[in-house]
Amino acid sequence: MHGSTFQALTVETLPQRLGPVAAVAERVGGQPSAWKVREVGDGNLNLVFIVEGEKAAVVVKQALPYVRLVGDSWPLPLKRSFFEYHALTRQEKRAPGSVPAIYHFDESQALIAMEYLSPHIILRRALIQGRQLPRIAEDLGLFMARTLFRGSDLHMPTRERKADLALFADNTELCDITENLVFTDPYFAAPMNRHTPELDPLVAELRADRNLKVEAQKLKHLFAAKAETLVHGDLHTGSVMVTDGDTRVIDPEFAFYGPIAFDVGMLLANYWMAFFSQRGHEEQGSREAMRAYLLQVIEETWAVFRAEFARLWRTERTGMLYHRSLYEDQGDTLGAEQALSHLIHEVWTDMLGFAGVEIHRRILGLAHNADFETIEDTGSRASCEGAALKFGRHIAVNRRHIHSLAEINHLAQSLDKGL
Ligand code: SR1
Ligand code: MG
């Protein structure tokens, strides 16, 4: 299929089109005509097939030339598959074992064949079900620290980093989605927005909130201008697959050079939304332990991220920033520690801001999340969402004055109880 004109796969055409691709056929096994193919994509953008044969199953992900959620009225370039492939190969190198194995990439068909993760499920679904995953804080804290540190000028030879910066700079259309959907559209009545009707008064209040709108635009400015490292770009709980013993990050098609704090803020925002949504899934106080677990995951994720980032700072700071010749080589270890603590503080402050606007866009914008959407009673949904919106506003606007997760988790608990 290499070099041929793009054609979207179907369950019927996939065996005949991928049968000749040895990397897929040998792994799946048996006659392609006997393969069992299912389309399971439930994301906003792409086709995802599970292909099962005599020997094994493989996942085939294919980009479509438009946004699946909206339809062909919103064209979207196929090259996002190219960025996803290149991000996955870099993430595997920087955080081994954290992403699915790649078997085959076909650029003209915008198609990636990769490891079928089983019995994994999407983390978001597990959290909605009330499942407590024992590994996510550790695994995702390490994933973020390793990929974000090792993709930056703190670690990489700067020639290589600049080449990657140029490569990923072409992921314009996906950045444009985030720039509009996360930072701008939630704060005015943009045409594709929607929200639970009971939230009308609060939505009007937020859209008239000058401090919030200024902060959202400052964050957008950071997102667009702070090309610090290769970020995943869409690191929410729908981009993670889990079992009790394994955690894998998927779907980095939004990857680009952006702020270290972006991935961290987006992930923690999705844990906070999982927290606020629990009341809507609750039967007779059954989610009390789950709420405590989610707040603990947030604290532990940040602690693991910070500790691993500091370890890499001390042992792998080989890039052109904060060069050892200025610090350790002159016996000034404290100078390097001071610089590290300033950098971590900056990531902390920006992370809170990104988390706040991510919460807002999932309730006010186009792309909602299942945590809230699966709460059928709109009154109950609105009360969960309302608490989350107020929390998001607080952490975005006051991010420079917040000193600990304990402090804001306490606020989350009060808002969740309607206090
Ligand atoms: C039009 S795409 C909407 C959202 O889906 C993706 O998963 C990203 O989160 C994007 O913002
Ligand atoms: Mg995705």
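Above this text is the structure in question.
Throughout what follows, the structure given in this document is the object of discussion. Sequence order sets the numbering: in each chain, residues are counted from 1 along the sequence as written. The naming scheme follows written order: chains are lettered A onward, ligands numbered 1 onward. In keeping with the predicted nature of the model, local features appear solely for residues at pLDDT of at least 70, side-chain atom pairs appear and are counted solely at 80 or more, and the whole-chain, interface and lining totals rest on all residues. Just so you know, side-chain values use all the structure's heavy atoms and leave hydrogens and water out.

One simple way to see leftover space: roll a probe sized like a water molecule over the atoms. In this analysis, the protein atoms alone were mapped onto a 1 Å grid. Cavities are point sets where a 1.4 Å probe fits without being able to get out; pockets are open sets with protein on both sides within 12 Å along at least five of seven lines; lining residues have an atom within 4 Å of a point. Grid points are joined across faces, edges and corners, and a volume is the space filled by probe spheres set on the points. Applying the stated criterion across every chain yields a total of 2 cavities of 30 Å³ or more. If you add up the space inside the largest cavity, you get close to 40 Å³. Lining the largest cavity are Arg90, Gln91, Arg94, Phe143, Thr147, Leu230, Val231, His232 and Asp263. Segments assigned H or I by DSSP are reported as helices when at least four residues long, segments assigned E as strands when at least two residues long, and all are numbered from the N terminus. Elements with a contribution of two residues or more to the lining of the largest cavity: helix H3 (80-94), helix H5 (136-150) and strand S9 (229-231). Broken down by element, the residue count for the lining of the largest cavity peaks at 3 residues, all from H3. In this classification, Asp, Glu, Lys and Arg are treated as charged, Ala, Val, Leu, Ile, Met, Phe, Trp, Tyr, Cys and Pro as nonpolar, and every other residue, Gly included, as polar. When its residues are assigned to classes, the lining of the largest cavity shows 3 nonpolar, 3 polar and 3 charged.

A 1.4 Å probe rolled over the protein chains alone gives each residue an accessible area, and that area as a share of the maximum for its type sets the label: buried under 20%, exposed over 50%, partly exposed in between. The buried fraction of strand S3 (residues 57-63) is high, at 7 of 7 residues. Burial of S3 is two-sided: the residues Ala57, Val59, Lys61 and Ala63 facing one way and the residues Val58, Val60 and Gln62 facing the other way are all buried. The criterion for strand pairing is that DSSP finds at least two bridges linking the strands in question. Two strands pair when backbone bridges link them, and strand S2 (residues 46-52) and S3 are joined in this way by 7 bridges, in the antiparallel orientation. Along S3, the bridge assignment pairs isoleucine 50 with valine 59. Between S2 and S3, which pair antiparallel one after the other, the connecting turn spans 4 residues.

Around ligand 1 sit Asn44, Leu45, Val67, Trp74, Ile177, Leu181, Asp234, His236, Phe254, Arg361, Arg362 and Ala367, and those are all the residues in its vicinity. The contact in question runs from an oxygen atom of ligand 1 to an N or O atom on the side chain of asparagine 44, over 2.7 Å. What sets the accessible areas is the Shrake-Rupley method with a 1.4 Å probe; for residues, cover comes only from the shown protein chains. Against a free-state accessible area of 320 Å², the protein chains account for coverage of 94% of ligand 1. The way we define it, a molecule is inside a pocket or cavity when more than half of its atoms are within 2 Å of that pocket's grid points. Of all the cavities here, the one that holds ligand 1 is the largest pocket. In terms of residue class, the shell around ligand 1 is made up of 7 nonpolar, 2 polar and 3 charged. Marked domain ranges trace back to an automatic or database domain assignment. Inspection of the shell around ligand 1 shows a minimum of three residues originating in each of domain 1 (14-115) and domain 2 (121-416). The near set for a molecule or strand comprises every residue that places at least one heavy atom within 4 Å of it. Identification of polar contacts relies on pairs of N or O atoms within 3.5 Å, with a donor-acceptor requirement for protein atoms, meaning one able to donate a hydrogen and the other able to accept it, and with residues adjacent in sequence counted only if both atoms are side-chain atoms.

Among the surface-exposed residues, Glu198, Asp200, Glu376 and Asp377 lie close enough to one another that they form a single negatively charged patch. If you trace the backbone, glutamate 198 turns up in the loop between helix H7 (172-181) and helix H8 (200-207). Patch criteria: residues need more than 30% relative accessible area and no salt bridge. Like-charged residues are merged within 9 Å; nonpolar side chains of Val, Leu, Ile, Met, Phe, Trp and Tyr are merged within 5 Å. Salt bridges are identified by distance alone: a Lys or Arg side-chain nitrogen within 4 Å of an Asp or Glu carboxyl oxygen. By the counting rule applied here, Lys and Arg register as positive and Asp and Glu as negative, while His and the ends of each chain are not counted. Lys charges are placed at NZ, Arg charges at CZ, Asp charges at CG and Glu charges at CD.

Okay, the nonpolar core next. Among buried residues, those of type Ala, Val, Leu, Ile, Met, Phe, Trp, Tyr and Cys that are joined through side-chain atoms within 4.5 Å constitute a nonpolar core. Tyr271, Trp272, Phe305 and Phe309 are the most contacted members of the largest nonpolar core, which totals 92 residues. Each of domain 1 (14-115) and domain 2 (121-416) gives at least three residues to this core.

Relative to the helices and strands, threonine 243 resides in the loop between strand S10 (240-242) and strand S11 (247-249). You can call threonine 243 buried: its relative accessible area is 15%. A distance of 3.1 Å separates a polar atom in the side chain of threonine 243 from the backbone nitrogen of glycine 245. We call two residues contacting when some pair of their heavy atoms lies within 4.5 Å. Each residue touching threonine 243, except ones within four places of it in the same chain, is listed here: Pro119, His120, Arg131 and Leu133.

Before going further, it helps to examine unusual backbone geometry. A cis geometry characterises the amide bond from serine 118 onward to proline 119, with omega recorded as 10°. Of note, alanine 110 is a non-glycine position whose phi angle comes to about 50°, a positive value. Structurally, alanine 110 can be placed in the loop between strand S6 (102-106) and strand S7 (111-115). Its identity is not glycine, yet aspartate 251 carries a phi of approximately 65°, on the positive side.

Bringing the pattern of salt bridges into the picture now. On inspection of all chains with the given rule, the structure shows 39 salt bridges. Of the charged contacts, one joins arginine 146 and glutamate 308 as a salt bridge, the two residues approaching to 2.8 Å between their closest N and O atoms. Taken together, the positions of arginine 146 in helix H5 and glutamate 308 in helix H11 (residues 288-315) put the pair 162 residues apart, joining distant regions of the chain. According to the relative accessible area criterion, arginine 146 is partly exposed, its value standing at 25%. A residue is classified by how much of its surface remains accessible, and glutamate 308, at 7% relative accessible area, is buried. Between arginine 361 and aspartate 234 there is a salt bridge; the shortest N-O distance is 4.0 Å. On the criterion of sequence distance, the pair formed by arginine 361 in helix H12 (residues 333-364) and aspartate 234 in the loop between S9 and S10 is long-range, its members being 127 residues apart. Like arginine 361, the residue aspartate 234 is buried in the burial classification.

Pairing of strand S1 (residues 36-39) with S2 involves 4 bridges; the strand directions are antiparallel. Residue pairing across strands places lysine 36 opposite glutamate 52, the latter belonging to S2. What sits between S1 and S2 in their antiparallel hairpin is a turn of 6 residues.

This next bit is on a nonpolar patch on the surface. Taken together, Leu69, Val70 and Met192 make up a surface patch of nonpolar side chains, about 220 Å² in accessible area. As for its position among the elements, valine 70 is in the loop between strand S4 (66-67) and strand S5 (71-75).

Quick look at the packing of helix H9 (residues 210-225) against helix H14 (residues 378-397) now. Fitted lines through C-alpha atoms serve as axes, helices being fitted only where they are in contact, and the angles separating the N-to-C directions of these axes extend from 0 to 180 degrees. Packing of H9 against H14 brings their axes to within 9 Å, and their N-to-C directions diverge by 65°. Crossing of H9 over H14 shows left-handed handedness. Facing H9, whose interface residues are Asn211, Leu212 and Glu215, H14 presents Arg393, Ala396 and Val397. Classifying every residue of the contact of H9 with H14 gives 3 nonpolar, 1 polar and 2 charged. By convention, the crossing between two helices is left-handed when the near helix turns anticlockwise from the far helix through less than a right angle, and right-handed when the turn is clockwise.

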